[in-house]
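# Chains, contacts and geometry: an overview
What follows is each chain in one-letter form.
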There are 2 protein chains.
Amino acid sequence: MTKNRNPLSAREILARNLKDMRGKLGLSQEALADMAGLHRTYVGSVERAERNISIDNIERLAKALNVHTSSLLME
Amino acid sequence: MTKNRNPLSAREILARNLKDMRGKLGLSQEALADMAGLHRTYVGSVERAERNISIDNIERLAKALNVHTSSLLME
C-alpha cells in the first residue's frame, strides 16, 4: 500500500551520486574540490543538497570524477 | 584522421535535448516555459546554451517534459 510520494529531487540524486562516486575513488571533498576548481565547503554543501548548483559546476565535478555529466543525475 | 577535440559542453547537450524534446511534443518555447514556471526568454536562452542554468530549473524543465532530469543531459 505504500507509495513513493516523495521521489528524490534532482539535488538529492546529485548529492548521493557525488558522495558515492567520490568515495569509490577514495577522494576527500577537498581533493575533489581541487580537481574541479571549486571550494571544499562548496562541494560539501552540494553533497548535502543545499546548493542550487549550476550546469557548469555539475560539469566540472563530472570531469574531475571522469564520468559523463548525465550520470551524476541518474538514479 | 579526424578526432573530436571539442565534445559538446553540458550546456550544449542540454540545449539540443531541450529543443528536440520540446519540438517532439509540439510545444512552443512559451508553452514549455509556462508549464515549467519559467519565462519564455529564459527558455530561449537555455536553448541557445547561453545560460548557466541551475539544477532546480533543469528539474522544472524535465518535469514539464515528463522526462527524467538525467535524460536532458544525455548525448
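One structure accompanies this document, and this report is about it. Residue numbering note: each chain is counted from 1, following its sequence as written. Going through the entries in the order they are written, you letter the chains from A and number the ligands from 1. Local features in this predicted model are restricted to residues of pLDDT 70 or higher, and side-chain atom pairs are both shown and tallied only at a pLDDT of 80 or more, whereas totals for entire chains, interfaces and linings draw on every residue. Note that the side-chain values use all heavy atoms of the structure and ignore hydrogens as well as water.

### Some points on the interface of chain B and chain A
Whether two residues touch is decided by their heavy atoms; if any such pair falls within 4.5 Å, the residues are in contact. Across the contact, 19 residues belong to chain B and 19 residues belong to chain A. A simple way to read buried area is as the amount of 1.4 Å-probe accessible surface that goes missing from two parts once joined, with both sides added. Counting each side, the surface lost to burial between chain B and chain A is near 1,500 Å², with a carbon and sulfur contribution of 61%. Any Lys or Arg side-chain nitrogen located within 4 Å of an Asp or Glu carboxyl oxygen qualifies as a salt bridge. Connecting chain B to chain A are two salt bridges. The closest approach of N and O atoms between Arg11(B) and Asp56(A), which form a salt bridge, is 2.6 Å.

### Thoughts on the nonpolar core
Of all hydrophobic cores here, the largest spans 40 residues; its most connected members are Leu61(A) and Leu61(B). In this description a helix means any DSSP run of H or I spanning at least four residues, a strand means any run of E spanning at least two, and both kinds are numbered starting from the N terminus. Residue assignment for this core shows that the elements contributing at least two residues are α1 (10-24), α2 (29-36), α3 (40-47) and α4 (55-65) of chain A together with α1 (10-24), α2 (29-36), α3 (40-47) and α4 (55-65) of chain B. Apart from residues no more than four positions distant in its own chain, Leu61(B) is found in contact with Leu18(B), Leu32(B), Ala36(B), Leu38(B), Val43(B), Ile53(B) and Leu72(B). Here, nonpolar core refers to any group of buried Ala, Val, Leu, Ile, Met, Phe, Trp, Tyr and Cys residues whose side-chain atoms link them within 4.5 Å. Relative accessibility decides the category of a residue: with a 1.4 Å probe and only protein chains considered, values under 20% of the type maximum give buried, values over 50% give exposed, and everything between is partly exposed.

### Description of the relation of the copies chain B and chain A
Both copies of the chain are related through a single rotation about an axis accompanied by a shift along the same axis. Here the copies are matched by least squares. The fit uses the C-alpha atoms of residues with pLDDT of at least 70 in both. Of the transformation superimposing chain B on chain A, the axial component is 0.0 Å and the angular component is 180°, with the fit at an RMSD of 0.0 Å. Seen this way, the second copy is the image of the first under a two-fold rotation axis. Considering only C-alpha atoms, the part of chain B nearest the rotation axis is Ser54(B), at 2.0 Å. By residue overlap, the copies meet face to face through one surface: 100% of the interface positions of chain B are interface positions in chain A.

### Examining α2(A)
Owing to its 3.6 residues per turn, the α-helix aligns residues three or four sequence positions apart on the same side. Residue and element names in this part refer to chain A. Taken as a whole, α2 has its buried residues at Leu-32, Ala-33 and Ala-36. Each buried residue of α2 sits inside an arc of 100° when the element is viewed along its axis, so together they form one side. Looking at the buried side of α2, the elements it contacts are α1, α3 and α4. Taken from the residues just after α2, Gly-37 is the one with a positive phi, measuring 70°. Read the arc as the range of directions from the helix axis to the C-beta atoms.

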